[in-house]
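# Coordinates in review
Now for the letters of each chain:
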Amino acid sequence: MQQREIVQGFRIGIPIALGYFAVAFSLGIIAKQAGLTAAMGFVSSFFTRASAGEYGVYTLVAAQSAYVEIVAMCLVVNLRYMLMSAALSQKIAPGTSWLHRVLMACCVTDEIFGVSIARLGYCPPAYTYSAALVSTLFWASGCAAGIVAGGMLPTAIVAALSVALYGMFLAIIMPPARSDRNVLYAVVASFVLSGACSVAPVVGSWSSGTRTIVLTIVISAVVALLKPVKIEEEHGQA
């Protein structure tokens, strides 16, 4: 059973990994401008795995900012992963050790969270680990490759490759939205409200990470209040 979960995780993680490589490649170009070597870029990307967070880190490194500023920036930009980890904890089978729970939380990215939360029944640790491992290796390798390649590729080509990641994320959220009308309503509301808040007074001046956190809490709270999911329905096939 565990071997099958590992294979499934690797299979679902490969498309994520390919999208990660393209995005991380563009981050590698920024990292090179900040003075990082390929080894530094690989290690930092392996343990960070957040495009906005890494972009901020490399920008602050280039500006020779203090370590405290870099750490504070990463905490604020990546705060949404705390919400994702809390949601993912509801997909972990009772009796799972605290170590597995902590490690699964460390694996969370937008896409790994998406495939883990979309899995029917409980999400086994082996599934999340294998999907995170292959995608993380490609993410870190993409950053290192971007540092080595420097500015060899035109910016337009790198930007075009990066679009694949957004298409992949849509592929993750659309199947649940097609099978559950409540999920579809939540997805549509998130798109509409995210666009509206980006141009709205006051809220539009917030960072994209802050808007994402606030909208996630509000939309999920409203949906949970109006259309709660019964535990036996959610985990009946676990």
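Check the entry above for the structure.
What you see is a predicted model, and the numbers here were worked out from it, not measured in a lab.

Conventions and cut-offs
- Residues numbered from 1 in each chain as written.
- Predicted model: local features only at pLDDT ≥ 70, side-chain atom pairs only at ≥ 80, totals over all residues.
- Heavy atoms only, no water.
- Helix = DSSP H or I, 4+ residues; strand = E, 2+ residues; numbered from the N terminus.
- Buried < 20%, exposed > 50% of the residue type's maximum accessible area, 1.4 Å probe, protein only.
- Contact = heavy atoms within 4.5 Å.
- Areas by Shrake-Rupley, 256 points an atom, 1.4 Å probe, with all protein chains shown as cover.
- Core = buried A, V, L, I, M, F, W, Y, C linked by side-chain atoms within 4.5 Å.
- Patch = residues over 30% accessible without salt bridge, like charges linked within 9 Å, V, L, I, M, F, W, Y side chains within 5 Å.
- Salt bridge = Lys/Arg side-chain N within 4 Å of Asp/Glu carboxyl O.
- Phe/Tyr/Trp six-rings, centres within 6.5 Å; stacked < 30°, edge-to-face > 60°.

For the protein, the count of helices and strands is 12 helices and zero strands. When burial is assessed residue by residue, the protein has 36% of its 238 residues classed as buried. Contacts spanning at least 24 positions in sequence make up 75% of the contacts within the protein whose residues lie at least 6 apart. Working note: accessible area of the protein is about 13600 Å², and carbon and sulfur atoms make up 71% of it.

Turning to the environment of Ala87, a few remarks are in order. Residue placement: Ala87 occurs in helix H5 (residues 80-88). When the C-alpha atoms of Ala87 and Phe113 are compared, they prove to be 9.0 Å apart, with 26 residues separating the residues in sequence.

Here we take up the side chain of Ser135. Locating Ser135 in the fold gives a position in helix H8 (residues 125-149). Discounting residues that sit within four places of it in the chain, Ser135 has contacts with Gly13, Ile16, Ala17, Tyr20 and Ile112.

Moving on to the nonpolar core. Counting residues in each nonpolar core, the largest one holds 25 residues, and the members touching the most others are Leu36, Val57, Tyr58 and Trp139. Elements with a contribution of two residues or more to this core: helix H1 (2-33), helix H3 (51-62), helix H4 (67-77), helix H7 (110-118) and H8. Not counting residues within four places of it along the chain, the set of residues in contact with Val57 comprises Ile70, Met73 and Cys74. Residues Ala50, Met84, Val108 and Phe113 belong to the second largest nonpolar core, which totals six residues.

A word on a nonpolar patch on the surface. Side chains of Ile6, Phe10, Ile14, Leu18, Phe21, Leu133, Leu137 and Phe138 sit close together on the surface and give an oily, nonpolar patch of about 650 Å² of accessible area. At the level of elements, H1 and H8 are the ones that each hand at least two residues to the nonpolar patch. Ranked by the residues each element gives to the nonpolar patch, the list is headed by H1, at five residues. Counting through the fold element by element, Leu18 comes out in helix H1.

Okay, the pattern of salt bridges next. What the rule picks out here adds up to one salt bridge. Arg80 is the salt-bridge partner of Asp110, the closest N and O atoms lying 3.2 Å from each other. Pair noted here: Asp110 is in helix H7 and Arg80 is in helix H5, with a separation of 30 residues, a long-range link. With a relative accessible area of 16%, Arg80 lands in the buried category.

A few words now on the environment of Thr96. Along the chain, the position of Thr96 falls in the loop between H5 and helix H6 (98-106). Residues Thr96 and Pro124, spaced 28 residues apart in sequence, show a C-alpha to C-alpha distance of 9.1 Å. Other than its neighbours up to four places away in sequence, Thr96 contacts Arg101 and Pro125.

Another point: the packing of aromatic side chains. Taken as a whole and assessed by the stated rule, the structure comprises four aromatic pairs. Residues Phe42 and Phe46 carry aromatic rings whose centres are separated by 6.2 Å and whose planes lie at 20° to one another, so their mutual orientation is stacked. Placement of the pair is Phe42 and Phe46 together in helix H2 (residues 38-48), with a separation of four residues, close to one helical turn. On the accessibility criterion, Phe42 (29% relative accessible area) is partly exposed.

Here we come to unusual backbone geometry. For Arg49, which is not glycine, the phi torsion reads 55° and is therefore positive. Inspection of the secondary structure puts Arg49 in the loop between H2 and H3. Residue Arg49 is classed as buried on the basis of its relative accessible area of 14%. Positive phi outside glycine occurs at Val202, with the angle close to 70°.

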